[in-house]
Amino acid sequence: MRNITMAEAINEAIREEMHRDPRVILFGEDVGAFGGPFMVTKGIFDEFGPHRVRDTPISESAIIGCAVGAAVAGWRPIAELQYSDFITCGFDQLVNQAAKIRLMSGGKISVPMVLRAPIGARVRGAQHDQCPEAWCVHTPGLKVAIPSTAYDAKGLLKAAIRDDNPVVFFEHKLLYGNRSASAADKAVPGELALQDAAGPEVPEGEYVVPLGVAAVRREGNDVTVVATALMVHKALEAAGQLQETEISVEIIDPRTLVPLDKETILRSVRKTGRALVVTEETRTASCAAEISAMISEEAFDYLDAPVVRLCTMDMPLPFAPLAQKAVIPDAPAIRQAITNLMAR
Amino acid sequence: MAYLALFQSSSEYFMEVVKLPRDKEKLRDKKVLMSMLRKMYEIRLAEEAVYHAFLSEPMPGTIHQSIGEEAVAVGICHALRPDDYVTSTHRGHAHAIAKGATLRSFFAEMYAKSTGMSGGMGGSMHLFDKEHGFLGSIGIVGAGIPIACGAALAAQLEGKGQVAVGFFGDGAANEGAVHEAMNLAAVWKLPVVFVCENNLYAVSTPVENSMAIAQVADRAVAYGMPGVTVDGMDVLAVYDQAVEAVERARQGDGPSLIECMTYRFKGHSRFEPATYRPKDELDEWMARDPIPQLIRFLVQQGLASEAEADALKAEVEAAVKDAVAFAKASPDVDPSQVPSFVFA
């Protein structure tokens, strides 16, 4: 077993799958010799060469569209967006083409592609700090994965590459944990400090984490917290702080948003009777809102309190660190939300 | 535009601009020419049947017809192998048939039957026939072009000399995705031929109101590829250019742009009367109908008689009738099956 960063784990997943299947290819901006702005694809170009690993111009429609076309023609492309915020620049190819081709062709043509994109606030400003998962979750025909640990990142990405459907793979920038690219990842004081991915160590051998299976990060009896990506770690922090109050917190990490492992979430809520959904997305029409609605609809008889969402406030993200800190959930905010929920 | 003042009509202008030397010797293969005539008849007679079905019967959906534009689809596709790829547009009936989709699978799709080429799930604007290399008519203007690049990327990696063709219109020429894709194709030297069907109007907007230059092919040099404008009503002129461009791509010398000047004899969609077009303009273009043009050539060259052409037409009429009957007799789709088409 090894303690590697999430970035290294993703790197391993890509390499292993490229070895396993000669049809897996990788392209995006600066992913080649440069290794990517977050160093995730470091060394992959050297190992696999310029045919299977390509740098692209800044052309998200062409990047995503090429992935669609190559996938339809029988290859398994991994396309990378430099920031998930830029998904908008190629959005038609993702939601009108990749997501729909299988249905529109009557099930005769599939699009086995992966689109990787970094999410999360890191004091870069509104156009570089978003968590836009909901745009993809709302699009039928796309699968959506969102790991919170190195172990899950590697296993989920391998599953995503092997999946015959378009999978959007969101990687939280603050979970990459790789400090060597210090120019790209300046550590920011306070809650937003760069974190190593906490979680199970990564085994040497082959393993896959299937899409659509949630993980129970922490067992408890009083409240279910459903959280994704960085918020899993904030929730763990909050739960640790609540030990002394004897509030027992159960944390569910969906790991995949589509398909969603509803049963693990509902089983937890049936046990605890209280649910808090915490994500870094802006609140309105978020994935958190969808999960909340699902819990209310399907576990109503087990609930002792309304299902509560804790998300980033509805606004384009401000730049100033103090302002960002004020609007994004953190461990104290989660602690407060849990305490409020227990008081009802 | 200054050039319009020099000519009395648009078709006069184009006949001047697009006159290209043609090596008539290589185009005397009767088999090839009769095959082209057959395909053009298939498209024309199928489209006329569609038009009447739409008028008088419950054929659902909408139609964007290719009547008048047959020579482009047929001239291009006759230069392709069965394992070459084509992506198409909302006006894609001609491309699908020219690339090898059967009349039965076409009509069944138009009648929303389960035996349609897209299983009744796609309709007129989303025809898919991967078996014949027809990777899809795409209902988003311009969006098929990045997908064609992706198919060309797959072809390049596969190494079997396959080529991809992406059709698009004068309207699509100004979509961002098209610019991105053409640039990327030239940078990666992808084996793709971009074919612009310039029929002078995007719905009601004349091309000179959407473009500050005279010809779409003028942009080819800006992307770094050869570009040519050709008389799209002359199937042999189109075929001539197609053969050259396809050969260039097969040899690994990269993409080309072929702009075919053509005209839709019907309105943009359904029964739209196209009152934004002057009637004498329509008359001039109808006088250059590609089917009589090819027949005249065959007769003048002593390759075939009018009687042979008529016999061929009668054969195709029977095939269309058979296809329509097949479609009407086919089973409807089963709505309960639809969810199974979303994910592989």
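Only a predicted model underlies this, so the values are computations on that prediction, with no experimental measurement involved.

**What to know about the environment of Q293 of chain B**
Residue and element names in this part refer to chain B. Tracing the chain through its elements places Q293 in helix 12 (residues 290-300). On the basis of neighbour count, Q293 is assigned to the partly exposed category, with 19 C-beta atoms found within 10 Å. On a C-alpha basis, the gap between Q293 and T102 in space is 25 Å, while along the polypeptide they are 191 residues apart. Apart from residues no more than four positions distant in its own chain, Q293 is found in contact with M233, D234 and R288.

**With respect to the interface of chain A and chain B**
Taken residue by residue, the interface counts 35 residues in chain A and 35 residues in chain B. For the side of chain A that touches chain B, the secondary-structure elements that each account for two or more residues are helix 3 (60-72), helix 4 (91-98) and helix 5 (101-104) of chain A. In terms of residue count, helix 3 of chain A provides more of the side of chain A that touches chain B than any other element does, nine residues in total. Of the residues belonging to the side of chain A that touches chain B, the class tally is 15 nonpolar, 16 polar and four charged.

**What to know about the domain arrangement of chain A**
Frequently, the measure chosen for interface size is the accessible area removed from exposure when the parts meet. Residue and element names in this part refer to chain A. Segmenting chain A into domains produces domain 1 (6-192) and domain 2 (215-342). Just the C-alpha atoms count here: the centres of domain 1 and domain 2 sit 26 Å apart. Residue-level contacts link 28 residues of domain 1 with 26 residues of domain 2. Taken together, the elements giving at least two residues each to the side of domain 1 that touches domain 2 come down to helix 6 (133-137), strand 5 (143-145) and helix 7 (150-162). Broken down by class, the residue content of the side of domain 1 that touches domain 2 amounts to 17 nonpolar, six polar and five charged.

Definitions and limits used
- Residues numbered from 1 in each chain as written.
- Chains lettered and ligands numbered in written order.
- Predicted model: local features only at pLDDT ≥ 70, side-chain atom pairs only at ≥ 80, totals over all residues.
- Helix = DSSP H or I, 4+ residues; strand = E, 2+ residues; numbered from the N terminus.
- Buried ≥ 20, exposed ≤ 12 C-beta atoms within 10 Å, placed from the backbone.
- Contact = placed C-beta atoms within 7 Å.
- Nonpolar A, V, L, I, M, F, W, Y, C, P; charged D, E, K, R; others polar.
- Domains from an automatic or database assignment.

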